[in-house]
Amino acid sequence: MGSPRAALAELLAGNRRFVSGQPIHGHDVTAAAAASGDQQPYAVLLGCIDSRVPLEAIFDQTFGSICVIRTGGHVLDRAVLGSIEYVVGELGVPLVMVLGHERCGAVASAVDALRAGRSPGGALAHLVDQIAPAVREVGVDDPRVRPMAVRRHVLRTVAALRADDRLAVPVAAGRLTVVGALYDLATGEVALLET
Ligand SMILES: [Zn+2]
């Protein structure tokens, strides 16, 4: 599982097992014990906090196989970036996936805030501020702004990760791939985005 290509193939194979209703990884204590030594994950996933998108389940992954980071609207901040830099730099993980999803509440909040011209305030304003550029790129009055902004925001997040000082080097060397994808709430399918 050392190459980015093999890592991506395994993730997508896991999603196909999940979609077909035939996952092979039960989350019981036996699996936890088997993975209780040193960890050697092969991917790090950045997804949304949405309760309908549990990442280990939708990729049929067991303990020890993937590192998962979830924030509202998969927004980056320094803690998230530092976590990804750690997994890539210290554990040698070859794949980062940013996974967005339809009907994302964080993206909807950003659209609503821009339309109203009013920040939600508090720390939630940080999420809105980080998603707002994707909403503006699509156009806040576009009737399909929400689904299109989700896609734009995934692509922007992928671009930001590829440009990160610590990640750009392994990306350039072919040791790391950063991909974006969308999760379909109705079917459970994950579709890669062209970047
Ligand atoms: Zn969401």
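Scope of this entry: the structure provided in the associated data block. All of these numbers come straight from a predicted model, not from anything done at the bench.

Some points on the pattern of salt bridges
Oppositely charged side chains may form a pair once their charged atoms are brought near each other.
Inference 1: Applying the stated rule across the entire model yields six salt bridges.
Inference 2: A salt bridge links Arg-17 to Asp-60; its shortest N-O distance comes to 2.5 Å. Here Arg-17, found in helix α1 (residues 4-19), pairs with Asp-60, found in the loop between α3 (55-58) and β2 (66-71); they are 43 residues apart in sequence, far enough to count as distant. For the pair Arg-17 and Asp-60, one class covers both residues: buried.
Inference 3: The salt bridge partner of Arg-146 is Asp-112, with a shortest N-O separation of 2.8 Å.

Focus: the coordination of the zinc ion
Inference 1: The protein atoms that coordinate the zinc ion are Cys-48 (SG), His-101 (NE2) and Cys-104 (SG), at distances spanning 2.1 to 2.3 Å.
Inference 2: All donors of the zinc ion come from a single chain, and their spacing in sequence reads C-x52-H-x2-C.
Inference 3: We classify His-101 as buried; its relative accessible area is 1%.
Inference 4: Here Cys-104 falls in the buried class, since its relative accessible area comes to 6%.

As for the pairing of strand β1 (residues 43-48)
Inference 1: Burial within β1 is extensive, with six of its six residues counted as buried.
Inference 2: The pairing of β1 with β2 spans six bridges and is classified as parallel. Within β2, the residue paired with Gly-47 across the bridge is Arg-70.

Brief notes about the packing of helix α6 (residues 124-138) against helix α7 (residues 145-163)
Each pair of packed helices can be described by the angle between their axes along with the distance between the axes.
Inference 1: Put simply, α6 and α7 touch, their axes get as near as 8 Å, and they point 120° apart. Here α6 lies oblique to α7, going by the angle between them. The handedness of the crossing between α6 and α7 comes out as right-handed. Where α6 abuts α7, its residues Gln-130, Ile-131, Pro-133, Ala-134, Val-135, Glu-137 and Val-138 lie against Val-145, Met-148, Ala-149, Arg-152, His-153 and Arg-156.

Regarding the side chain of His-153
Inference 1: Examined against the element boundaries, His-153 turns out to sit in helix α7.
Inference 2: Apart from residues no more than four positions distant in its own chain, His-153 is found in contact with Gly-73, His-74, Val-75, Gln-130, Ile-131 and Ala-134.

With respect to the packing of helix α5 (residues 105-116) against α7
Inference 1: Following both chains from N to C, one finds α5 and α7 inclined at 115°, their axes separated by 9 Å at the closest point. α7 is crossed by α5, and the crossing has right-handed handedness. Packed against α5, whose contacting residues are Val-107, Ala-108, Val-111, Asp-112 and Arg-115, the element α7 presents Val-145, Arg-146, Ala-149 and Val-150 at the interface.
Inference 2: Looking at the contact of α5 with α7, its residues break down into six nonpolar, no polar and three charged.

Observations concerning unusual backbone geometry
Inference 1: Even without being a glycine, His-74 presents a positive backbone phi close to 40°.
Inference 2: Structurally, His-74 can be placed in the loop between β2 and α4 (78-91).
Inference 3: His-74 sits in the buried class, given a relative accessible area of 3%.
Inference 4: Although it is not a glycine, Arg-103 adopts a positive phi angle of roughly 50°.

Concerning α4
Every α-helical turn comprises 3.6 residues, leaving residues that sit three or four positions apart pointing alike.
Inference 1: For α4, which comprises 14 residues, the first-to-last C-alpha distance of 19 Å matches the rise-based estimate of 20 Å (1.5 Å per residue) to within 8%.
Inference 2: Within the span of α4, buried status applies to Val-80, Ile-84, Val-87, Val-88 and Leu-91. Buried positions in α4, seen along its axis, are confined to an arc of 120° and lie on one side of it. Exposed and oriented more than 90 degrees from the buried face of α4 are Arg-78, Ala-79, Gly-89 and Glu-90.
Inference 3: Buried residues along α4 sit against β1, β2, β3 (95-101), α7 and α8 (165-172).
Inference 4: At the N-terminal boundary of α4, the capping side chain belongs to Asp-77, with an oxygen 3.0 Å from the backbone nitrogen of Ala-79.
Inference 5: Just downstream of α4, Gly-92 is the residue with a positive phi angle, here 70°.

Conventions adopted
- Residues numbered from 1 in each chain as written.
- Predicted model: local features only at pLDDT ≥ 70, side-chain atom pairs only at ≥ 80, totals over all residues.
- Heavy atoms only, no water.
- Salt bridge = Lys/Arg side-chain N within 4 Å of Asp/Glu carboxyl O.
- Helix = DSSP H or I, 4+ residues; strand = E, 2+ residues; numbered from the N terminus.
- Buried < 20%, exposed > 50% of the residue type's maximum accessible area, 1.4 Å probe, protein only.
- Donors = N, O, S within 2.8 Å, 3.2 Å for Na, K, Ca; no water.
- Pairing = 2+ DSSP bridges.
- Axes fitted to C-alpha atoms, helices over the stretch in contact; angles between N-to-C directions.
- Parallel < 35°, antiparallel > 145°, perpendicular 65-115°, else oblique.
- Left-handed = near helix turned anticlockwise from the far one by under 90°.
- Contact = heavy atoms within 4.5 Å.
- Nonpolar A, V, L, I, M, F, W, Y, C, P; charged D, E, K, R; others polar.
- Expected span 1.5 Å × (residues − 1).
- Arc of directions from axis to C-beta.
- Polar contact = N/O pair within 3.5 Å; in protein donor to acceptor, adjacent residues only side chain to side chain.

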